[in-house]
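Summary of structural features
Each chain, written out:
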Amino acid sequence: SAEAFVQPVRSSSSISTTARRAAKAVVPAADEDVEVKLNTYPEIPANLIDCFSPNEWKQRCALAVSYRIAYLHEWHENIFNHITLKLEGSDAEPDGPHFL
């Protein structure tokens, strides 16, 4: 029957609880002297410098953020890992375009 495929929906209060827990893990204490940089991505690890261009690394990080947002809102089972990103500039390559 169709009811067997219906997933229970979590209430918005439980989602906001999840968001609060995630925020507490990231936000430093008020008395700490911390420089906060928003919209920045981690540097390319030394062992991957030859594998990715800086532009591709930035795009991979943005894609990872999309998956984290999906997980935070418990959409990860609904998207079936179907978040796709077309690499900028890959149209000009002979075997392009490339997607992540």
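Look above for the structure.
Here goes a summary of the coordinates provided. Since the structure is predicted, the reported quantities are computational estimates derived from the model, not experimental observations.

Attention shifts here to unusual backbone geometry. Cis geometry marks the peptide bond from Gly96 to Pro97; its omega dihedral reads -5°. With respect to the secondary-structure elements, Pro97 resides in the segment after helix 3 (76–79). Positive phi, normally seen in glycine, also occurs at Glu74, with a value near 60°. Tracing the backbone shows Glu74 in the loop between helix 2 (54–72) and helix 3. Residue Glu74 is classed as partly exposed on the basis of its relative accessible area of 32%.

Another aspect to go through is a nonpolar patch on the surface. Taken together, the side chains of Tyr41, Val65, Ile69 and Trp75 make up a nonpolar region of the molecular surface, amounting to roughly 350 Å² of accessible area. Mapped onto the fold, Trp75 is located in the loop between helix 2 and helix 3.

Definitions and cut-offs
Residue numbers run consecutively from 1 along every chain, following the written order of its sequence. Confidence filtering applies because this is a predicted model: local features only for residues at pLDDT of at least 70, side-chain atom pairs given and counted only at 80 or more, and all residues used for totals across whole chains, interfaces and linings. With hydrogens and water set aside, each side-chain value is computed from the structure's full complement of heavy atoms. Secondary structure follows DSSP: runs of H or I at least 4 residues long count as helices, runs of E at least 2 residues long count as strands, and numbering of each begins at the N terminus. Think of it in three bands: residues with accessible area under 20% of the maximum for their type are buried, residues over 50% are exposed, and the middle band is partly exposed, with areas taken using a 1.4 Å probe on protein chains only. A residue counts toward a patch only above 30% relative accessible area and without a salt bridge, and it is joined to like-charged neighbours within 9 Å or, for Val, Leu, Ile, Met, Phe, Trp and Tyr, to nonpolar neighbours within 5 Å. Where accessible areas are quoted, they stem from the Shrake-Rupley method and a 1.4 Å probe; at the residue level, only the protein chains shown are allowed to cover. Salt bridges are defined by distance alone: a side-chain nitrogen of Lys or Arg within 4 Å of a carboxyl oxygen of Asp or Glu.

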